[in-house]
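# Descriptive structure summary
Listed below, chain by chain, are the residues.
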Amino acid sequence: MSGTPNISLIARLKARYDARRATGKTLSAKHFALIGFIVPAVWSGYHAMHHQSTNEELASSFVPGVLPSCDSDAARGLLIGALEDAPSAKKTGGKVAKLGDIKETGFVPVNSKGSELRLCTADVFLNVGRHDVSFTLQWTSATKDELWIEADSPF
């Protein structure tokens, strides 16, 4: 490779573009159609992979009859919704920036109402500071197809 001048990539691309332009070889309608098909397909795939789910989608992502873990997507979605929908949060404009570590602190297989109960704590990062929040998860029905969350308000 000695003796070969070191030409930058941009300079080579510009030279190729100038050579094609001089010969009249530009992109055809077929090329534009192909680009018009590929770009939206790639964008749709990217969007589908990186789409942020809403709290309702996260809350409904559990299997009926199996109480989700404290750190599950369903529990995280419900916790964010419960904290942000609390009257004290609405009054102060509180928002959840991020949920950190979530741990199970206890599990009651069958409580007085005949339902399982999970006791949890979460490290919650809010727009007003960082707090440890205790919360519980349990079923609201005998068919075990609806979850209930109860959380201490950090606001």
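## Considerations on the confidence of the model for the chain
Per-residue confidence for the chain gives a mean pLDDT of 77, with 69% of residues at or over 70. Across residues 51-59, where pLDDT falls below 50, the model places 10 contacts with residues more than four positions away in sequence or in other chains.

## Side note on the side chain of Asp123
Of note, Asp123 is situated in strand S2 (residues 117-126). The class of Asp123 is buried, set by a relative accessible area of 12%. A polar contact is formed between the side chain of Asp123 and the side chain of Arg130, at a distance of 2.8 Å.

## Examining helix H4 (residues 73-85)
For H4, with 13 residues, the first-to-last C-alpha span of 18 Å sits near the 18 Å given by 1.5 Å per residue. Buried residues of H4: Ala74, Ala75, Gly77, Leu78, Leu79, Gly81 and Leu83, and no others.

## Quick notes on the side chain of Arg118
Here Arg118 shows up in strand S2. Reaching out from Arg118, the side chain makes a polar contact with the side chain of Glu104 at a distance of 2.7 Å. In contact with Arg118, other than residues within four places in its own chain, are Leu67, Pro68, Ser69, Cys70, Glu104, Gly106, Phe107, Phe135, Thr136 and Leu137.

## A short note on the nonpolar core
Generally speaking, a soluble globular protein has its nonpolar side chains buried in company with each other. Grouped together as the largest cluster of nonpolar side chains are 20 residues, with contacts concentrated most on Leu79, Val124 and Phe135. Those elements that place two or more of their residues in this core are H4, strand S1 (96-108), S2, strand S3 (129-139) and strand S4 (147-151). Top element by residues in this core is H4. It accounts for five residues. Apart from residues lying up to four places away in sequence, Val124 is in contact with Leu83, Val96, Lys98, Leu99, Gly129, Arg130, His131 and Val133.

Conventions used here
- Residues numbered from 1 in each chain as written.
- Predicted model: local features only at pLDDT ≥ 70, side-chain atom pairs only at ≥ 80, totals over all residues.
- Heavy atoms only, no water.
- pLDDT = per-residue confidence, 0-100.
- Contact = heavy atoms within 4.5 Å.
- Helix = DSSP H or I, 4+ residues; strand = E, 2+ residues; numbered from the N terminus.
- Buried < 20%, exposed > 50% of the residue type's maximum accessible area, 1.4 Å probe, protein only.
- Polar contact = N/O pair within 3.5 Å; in protein donor to acceptor, adjacent residues only side chain to side chain.
- Expected span 1.5 Å × (residues − 1).
- Core = buried A, V, L, I, M, F, W, Y, C linked by side-chain atoms within 4.5 Å.

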